[in-house]
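# Chains, contacts and geometry: an overview
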Amino acid sequence: MTTITDSLGTWEQLGEITVSNQWQLFPASTLSETFRITTTIVNQQDWDELKIRSGAYIRFYYPDNSKSLNIYIPVSEDSIIREFQVPKEFRDSDIITRSAGCILSHRKINQYSLASYAQWTLKLEGLV
């Protein structure tokens, strides 16, 4: 797995996804509980003038097929660092590896086609 080291620490690259109206899994699983989330607008003009703006939900998937609650992630010019702890019952059972997924979030998501939304990507990195 690719890592990047900066002044905050070493980050494992979990993937970057163009957010859509279907759940998508990031290609790498992780042991991390601290994440850097970076959003990038694909076409700034669409975001500023023409298209519908949105956010995203991320959630975590565990080896026993359970999943976390959805966590709202806004589009931001700056990277966001957030802590998402592994639940105590999983930690106590040594189940700490998990995968993350994301989906487009908008209150009118079912009223418009995906093409109506400004495209953007969500990159997820886990602190090693």
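Structural notes, computed from the coordinates. (Residues numbered from 1 in each chain as written. Predicted model: local features only at pLDDT ≥ 70, side-chain atom pairs only at ≥ 80, totals over all residues. Heavy atoms only, no water.)

## With respect to the packing of aromatic side chains
- Under the defined criterion, the tally for this structure stands at five aromatic pairs.
- When the ring of Phe 35 is compared with that of Phe 60, the centres are 5.3 Å apart and the planes differ by 40°; the resulting orientation is tilted. Of the two residues, Phe 35 is situated in strand S4 (residues 34–41) and Phe 60 in strand S5 (residues 55–61); the sequence distance between them amounts to 25 residues.
- Its relative accessible area of 0% is what places Phe 35 among the buried residues.
- The class for Phe 60 is buried, based on a relative accessible area of 1%.
- Ring centres of Tyr 62 and Phe 90 lie 4.5 Å apart, and the angle between their planes is 25°; on these two criteria the pair is classed as stacked. With Tyr 62 in the loop between S5 and strand S6 (71–73) and Phe 90 in helix H2 (residues 88–92), this residue pair connects regions lying 28 residues apart in the sequence.
- Tyr 62 gets classed as buried once you look at its relative accessible area, which sits at 6%.
- The structure contains a cluster of three or more aromatic residues connected by ring pairs, namely Phe 35, Phe 60 and Phe 84.
- The ring of Trp 23 carries Arg 59 above its face, with NZ or CZ at 3.7 Å from the centroid.
- When the ring centre of Phe 60 is taken as origin, the NZ or CZ atom of Arg 98, which lies over that ring, is 4.1 Å away. (Phe/Tyr/Trp six-rings, centres within 6.5 Å; stacked < 30°, edge-to-face > 60°. Helix = DSSP H or I, 4+ residues; strand = E, 2+ residues; numbered from the N terminus. Buried < 20%, exposed > 50% of the residue type's maximum accessible area, 1.4 Å probe, protein only. Lys NZ or Arg CZ within 6 Å of the ring centre and 35° of its normal.)

## Observations regarding the sheet that holds strand S7 (residues 80–83)
- On the basis of which strands lie adjacent, the open sheet formed by five strands has the order S1-S2-S9-S4-S7 and antiparallel pairing. If you trace the sheet from one side to the other, it starts and ends with strand S1 (3–6) and S7, each paired once. In this sheet, adjacent strand axes meet at a mean angle of 35° when their direction is disregarded.
- Pairing of strand S2 (residues 9–18) with strand S9 (residues 120–127), which is carried by seven bridges, proceeds in the antiparallel orientation. The residue of S9 that forms the bridge with Ile 17 is Leu 122. (Pairing = 2+ DSSP bridges. Axes fitted to C-alpha atoms, helices over the stretch in contact; angles between N-to-C directions.)

## A short note on the environment of Glu 83
- Counting through the fold element by element, Glu 83 comes out in strand S7.
- Separated by 51 residues in sequence, Glu 83 and Ser 32 place their C-alpha atoms 8.9 Å apart.
- If sequence neighbours within four positions are ignored, Glu 83 has contacts with Glu 33 and Thr 34.
- Reaching out from Glu 83, the side chain makes a polar contact with the side chain of Gln 85 at a distance of 3.1 Å. (Contact = heavy atoms within 4.5 Å. Polar contact = N/O pair within 3.5 Å; in protein donor to acceptor, adjacent residues only side chain to side chain.)

## What to know about the pairing of S5
- Burial of S5 is extensive: five of the seven residues sit out of reach of the surface.
- In this sheet, strand S8 (residues 99–105) lies alongside S5 in antiparallel orientation, the contact comprising seven bridges. Within the sheet, the bridge partner assigned to Tyr 57 lies in S8 and is Ile 103.
- Direction of pairing for S5 relative to S6: antiparallel, over a ladder of three bridges. Of the residues in S6, the one forming a bridge with Ala 56 is Ile 73.

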